[in-house]
Amino acid sequence: MALFGPKRIDEVIRALEAERESGVRAELPDEVARLSELLWARARGSAAGNAPPAEWRALVAALPDAAGVVDEHDTVVAANAGLDALVPAGRAAGLTLLEAVRTPELADAVRAAREGVPR
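Thresholds applied
Residues numbered from 1 in each chain as written. Predicted model: local features only at pLDDT ≥ 70, side-chain atom pairs only at ≥ 80, totals over all residues. Heavy atoms only, no water. Helix = DSSP H or I, 4+ residues; strand = E, 2+ residues; numbered from the N terminus. Buried < 20%, exposed > 50% of the residue type's maximum accessible area, 1.4 Å probe, protein only. Areas by Shrake-Rupley, 256 points an atom, 1.4 Å probe, with all protein chains shown as cover. pLDDT = per-residue confidence, 0-100. Core = buried A, V, L, I, M, F, W, Y, C linked by side-chain atoms within 4.5 Å. Contact = heavy atoms within 4.5 Å. Salt bridge = Lys/Arg side-chain N within 4 Å of Asp/Glu carboxyl O. Polar contact = N/O pair within 3.5 Å; in protein donor to acceptor, adjacent residues only side chain to side chain.

### Some words on the overall build of the protein chain
In step 1: Helix and strand content of the protein chain: six helices and two strands.
In step 2: By the burial criterion, 26% of the 119 residues in the protein chain qualify as buried.
In step 3: Taken as a whole, the protein chain presents about 8,000 Å² of accessible surface, with 59% of it coming from carbon and sulfur.

### Notes on the confidence of the model for the protein chain
In step 1: Within the protein chain, residue pLDDT values average 78, and 82% of them lie at 70 or more.
In step 2: The spread of mean pLDDT over the elements of the protein chain runs between helix H2 (residues 30-43), the lowest at 72, and helix H4 (residues 81-86), the highest at 91.

### So, the environment of Pro 64
In step 1: Along the chain, Pro 64 falls in the loop between helix H3 (54-62) and strand S1 (68-70).
In step 2: By relative accessible area, Pro 64 is classed as exposed at 76%.
In step 3: On a C-alpha basis, the gap between Pro 64 and Gly 82 in space is 7.4 Å, while along the polypeptide they are 18 residues apart.

### Observations concerning the nonpolar core
In step 1: Among the nonpolar cores identified, the biggest contains seven residues, and these are Val 76, Leu 83, Val 87, Ala 92, Leu 97, Ala 100 and Val 101.
In step 2: When residues in this core are grouped by element, the largest group, three residues, is from helix H5 (residues 97-101).
In step 3: Residues in contact with Leu 83, not counting those within four places in the same chain, are Ala 66, Ala 67, Gly 68, Val 76, Ala 92 and Val 101.
In step 4: Membership of the second largest hydrophobic core comes to five residues, among which are Val 60, Ala 67, Val 77 and Ala 78.

### A few points about the pattern of salt bridges
In step 1: Counted by the stated rule, this structure contains two salt bridges.
In step 2: The closest approach of N and O atoms between Asp 108 and Arg 111, which form a salt bridge, is 3.0 Å. Of this pair, Asp 108 and Arg 111 are both found in helix H6 (residues 104-115), three residues apart, which corresponds to roughly one turn of the helix.
In step 3: By relative accessible area, which is 40% here, Asp 108 ends up partly exposed.

### Here's the deal with the side chain of Asp 74
In step 1: Mapping Asp 74 onto the fold places it in the loop between S1 and strand S2 (76-79).
In step 2: Within the structure, the side chain of Asp 74 is placed 2.9 Å from the side chain of Arg 111, a separation counted as a polar contact.
In step 3: Ignoring sequence-local partners within four residues, the contact set of Asp 74 consists of Leu 95, Thr 96, Leu 97, Arg 111 and Arg 114.

Below you can see the structure in the form of structure tokens.
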């Protein structure tokens, strides 16, 4: 099924609008998620994008507990279903870790770990 085309794009837009209104996560093709990651990176000024490799996304998706990958700005760039379930909108990717889980202690711990600061 082609992603682009007036009908397909309209379907994706309607699904995302319904998701925003209801808070229930829309089922979208993988291409839409990748396009979203690239557009988000473009908006942030990164031509290469900040999405983790497919292997990382697959590993995170396979973990049984809530898990994700954050970039150097504490933005969630990959999340599994467990982490997405903690987010009111149902999708953690694109949010900062603090926005996603609303737990300052966790956000601080991740930042400290990334910076190599022992806790």
